[in-house]
Amino acid sequence: MSIETQEYINGLRPGPLTREIPECMRDKYTVLQSILDITLFLIIAIRKVIQAIYRTIVGYPKKDLKGNIALVTGGGGGLGSLMALRLARLGCTIVLWDINKQGLEDTVKLVKGIGGQCCGYVVDLAKKEDIYRVAKQVHLEVGRVNLLINNAGVVSGRYLLDTPDHLIQRTFDVNILAHFWTVKAFLPSMIEKNDGHIVTIASMAGYVGVPKLVDYCSSKAAACGFDESLRLELQDRGITGVRTSLICPFFIRSTGMFDDVNSRFLPQLSSNDVADRVVHAIRTEEPFAFIPGILRIALCLRWLVPYQVIADFVRMMIPDASPVGHAAPPTPPDSPSPLTETTLPKRESRPLSLVPPERHDRQV
Ligand SMILES: NC(=O)c1ccc[n+]([C@@H]2O[C@H](COP(=O)([O-])OP(=O)(O)OC[C@H]3O[C@@H](n4cnc5c(N)ncnc54)[C@H](O)[C@@H]3O)[C@@H](O)[C@H]2O)c1
């Protein structure tokens, strides 16, 4: 290596770009440039903060969803079916995707019962090929989806070392990888028409770690990153008509996922309230919705107090996040291979109890 290169690496010699700037201006240029950049940024930021305060006081305009085609994954039950009902009332055509055929049939009936248009497709979101194939089918049979709600989710609810590999894999397949495939399937036509909205149903668990939810929390953290990067990517490409919203609820009661979780300090949320809040976020094109909103403050405090305070708070708040309300039995101490699936008790996380669909793409 030449002396010149060595000096360049050690920072003693200017790089190819700084060489262009006259010696006497080098430091001044960067300082001046930084001052200008920061000033410009502050002006824009202050304008946006004033706009946001004004909108918070007078309210955000609500967009009309009539005529939209809304696809809700995991629409065969829980939060998905409640959102579908609300969107149908607002005039959307509803497309439901779920692995649970019975749940789909029930929700389709409910939506049609209130005069809505709805069809359901049995799809296993853990299978990329299923997603791409049924997406094409929906495009042909129903039309262009312009509201995509990635809502389906699963939870294992065991200590990491007690969680079989296939459940960890499934958590990531459904809770985050499926978002990649659905977005890749539906975003191009949204971009083409400069009209669309992608909603990610993540969780507060995407921002706060919880014992027994290692796979769930990491998949939800990935979902939070997915939404934010996608939003910035769309802005970067100048696509103004396609919005994204990230929804982070606390534990919800009566959907089936975390029914037995007894949280302290904060009561579990009503599933109807959460569904209303999601629809409000869609109509006002809110980028982030933390439910309840007070948790935004808790998230800021998280970085201001000593970490152990947060750790104790989370452990007190959620004594047991196991979705079935009891801890996995302890592993025998002298077990030769304590982590193999065969030594674990047979307890699949939801919705593996569901009968596998006969035909994945059957419309109900
Ligand atoms: N329930 C809560 O406390 C809570 C809290 C925060 C966030 N969330 C999130 O909200 C979303 C909805 O949760 P929910 O409470 O309605 O749960 P839920 O279990 O009632 O509903 C999830 C739906 O996803 C479907 N699903 C699961 N695996 C699938 C697969 N492989 N293919 C297709 N469909 C599949 C299920 O059949 C079910 O209908 C989830 O993403 C969840 O992580 C829930």
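Residues numbered from 1 in each chain as written. Predicted model: local features only at pLDDT ≥ 70, side-chain atom pairs only at ≥ 80, totals over all residues.

Going by an unreviewed UniProt entry, the protein carries the name Epidermal retinol dehydrogenase 2 and comes from Chilo suppressalis. If you open the UniProt record of the protein and go to Sequence similarities (unreviewed entry), you find "Belongs to the short-chain dehydrogenases/reductases (SDR) family." (UniProt positions renumbered as here; feature names shortened; annotations may be inferred.)

Student: What's the story with the overall build of the protein in this structure? I'm lost.
Tutor: Secondary structure assignment for the protein yields 10 helices and nine strands. Looking at the protein residue by residue over its 364 residues, the buried ones come to 36%. Here the contacts in the protein between residues at least 6 apart in sequence split such that 70% fall between residues at least 24 apart. (Helix = DSSP H or I, 4+ residues; strand = E, 2+ residues; numbered from the N terminus. Buried ≥ 20, exposed ≤ 12 C-beta atoms within 10 Å, placed from the backbone. Contact = placed C-beta atoms within 7 Å.)

Student: Whenever I open this one, the sheet that holds strand β6 (residues 242-249) confuses me. Can you help?
Tutor: Two modes of strand pairing occur in sheets, parallel and antiparallel, and in both the strands are linked by backbone hydrogen bonds. Overall, parallel pairing links the seven strands, which are arranged β3-β2-β1-β4-β5-β6-β9 in an open sheet. Lying at the two open borders of the sheet, with one neighbouring strand each, are β3 (117-122) and β9 (288-291). On average, each strand axis in the sheet is inclined to that of its neighbour by 15 degrees, with strand direction left out of account. As judged from the six bridges shared by strand β2 (residues 93-98) and β3, these two strands associate in the parallel manner. Paired with Asp-98 across the bridge in β3 is Val-122. Together, β2 and β3 form the strand contacts of helix α4 (residues 101-113), whose direction differs from that of β3 by roughly 175 degrees. (Pairing = 2+ DSSP bridges. Axes fitted to C-alpha atoms, helices over the stretch in contact; angles between N-to-C directions.)

Student: Where do I start with the site of the ligand in this structure?
Tutor: Around the ligand sit 30 residues in total, of which Gly-74, Gly-78, Leu-125, Gly-153 and Thr-255 are the nearest. No other element matches the three residues that helix α3 (residues 78-89) contributes to the shell around the ligand. Within the shell around the ligand, the residues separate by chemical class into 15 nonpolar, 12 polar and three charged. (Near = placed C-beta within 6 Å. Nonpolar A, V, L, I, M, F, W, Y, C, P; charged D, E, K, R; others polar.)

Student: Explanation requested: the nonpolar core in the structure shown.
Tutor: Looking at soluble globular proteins, one finds that nonpolar side chains tend to be buried together. Within the largest apolar cluster, 77 residues are counted, with the highest numbers of intra-cluster contacts made by Met-83, Ala-84 and Ile-94. Of the residues forming this core, the biggest block, seven residues, is contributed by α3. Leave out the neighbours within four places in its chain, and Ala-84 touches Val-72, Gly-75, Ile-94, Leu-96, Thr-107, Val-111 and Cys-118. (Core = buried A, V, L, I, M, F, W, Y, C linked by C-beta atoms within 7 Å.)

Student: Explain the confidence of the model for the protein to me, please; I cannot follow it from the model alone.
Tutor: In regions of low pLDDT, the predicted coordinates are not meant to be interpreted in detail. Summary statistics for the protein give a mean pLDDT of 86 and a share of 83% for residues scoring 70 or more. This stretch, residues 325-364, has a pLDDT under 50; its non-local contacts, to residues over four places away or in other chains, come to 55 contacts. (pLDDT = per-residue confidence, 0-100.)

Student: Would you explain helix α8 (residues 271-283) in this entry?
Tutor: Because the α-helix completes a turn every 3.6 residues, residues three or four places apart line up on one side. For α8, which comprises 13 residues, the first-to-last C-alpha distance of 18 Å matches the rise-based estimate of 18 Å (1.5 Å per residue) to within 8%. Once α8 ends, the next one or two residues include Glu-285, with phi positive near 55 degrees. (Expected span 1.5 Å × (residues − 1).)

Student: I tried to follow α3 on my own but got confused; where do I start?
Tutor: Here α3 is 12 residues long and its end C-alpha atoms lie 18 Å apart, about the 16 Å a rise of 1.5 Å per residue gives. With 11 of 12 residues buried, α3 lies mostly within the body of the structure. Turning to α3, its buried residues are Gly-78, Leu-79, Gly-80, Ser-81, Leu-82, Met-83, Ala-84, Leu-85, Arg-86, Leu-87 and Ala-88. Count one or two residues on from α3 and you reach Gly-91, which has phi positive near 100 degrees.

Student: How do you make sense of unusual backbone geometry when you look at a structure like this?
Tutor: Outside of glycine, negative phi angles account for most residues, and trans bonds account for most peptide bonds. Note the cis peptide between Ile-291 and Pro-292, where omega equals -5 degrees. Counting through the fold element by element, Pro-292 comes out in the loop between β9 and α9 (295-301). The residue Lys-212 is not glycine, and still its phi comes out positive at about 70 degrees. With respect to the element layout, Lys-212 can be found in the loop between β5 (196-201) and α7 (214-236). Notably, Phe-265 is not glycine yet its phi reads approximately 70 degrees, a positive angle. Summarising the element assignment, Phe-265 is placed in the loop between β7 (252-253) and β8 (269-270).

Student: What exactly am I supposed to notice about the pairing of strand β1 (residues 69-73) here?
Tutor: Every other side chain in a regular strand lies on the same face of the sheet, so the side chains alternate between the two faces. Of all five residues that make up β1, four are buried, and the element is covered over most of its length. Where β1 lies against β2, five bridges are found, and the strand directions are parallel. Each residue of the ladder has a partner; that of Ala-70, found in β2, is Ile-94. Handedness of the crossover joining β1 and β2 through α3 is recorded here as right-handed. The sheet contact formed by β1 and strand β4 (residues 147-150) spans three bridges and is parallel. Bridge pairing in β4 places Val-72 opposite Ile-149. (Right-handed = clockwise from strand over helix to strand, strands pointing away.)

Student: Help me out: how do you make sense of the environment of Met-190 in this one?
Tutor: Relative to the helices and strands, Met-190 is located in helix α6 (residues 165-193). Residue Met-190 is classed as buried on the basis of its C-beta count, with 23 C-beta atoms lying within 10 Å. Sequence spacing of Met-190 and Gly-241 is 51 residues, and the spatial spacing of their C-alpha atoms is 8.2 Å.

Student: Explain the environment of Ser-245 to me, please; I cannot follow it from the model alone.
Tutor: Within the fold, Ser-245 resides in strand β6. In this structure, the C-alpha to C-alpha distance between Ser-245 and Thr-284, residues 39 residues apart in sequence, is 9.9 Å. Leave out the neighbours within four places in its chain, and Ser-245 touches Val-199, Ala-281, Ile-282, Glu-286, Pro-287 and Ala-289.

Student: Sorry, what's going on with the packing of α3 against α4 here?
Tutor: The relative placement of two packed helices comes down to the angle between their axes together with the axis-to-axis distance. At a minimum axis separation of 9 Å, α3 and α4 run at an interaxial angle of 25 degrees. On the basis of their axis angle, the class for α3 and α4 is roughly parallel. The handedness of the crossing between α3 and α4 is right-handed. On α4, the residues touching Ser-81, Ala-84, Leu-85 and Ala-88 of α3 are Thr-107, Leu-110 and Val-111. Of the residues assigned to the contact of α3 with α4, the class counts are five nonpolar, two polar and no charged. (Parallel < 35°, antiparallel > 145°, perpendicular 65-115°, else oblique. Left-handed = near helix turned anticlockwise from the far one by under 90°.)

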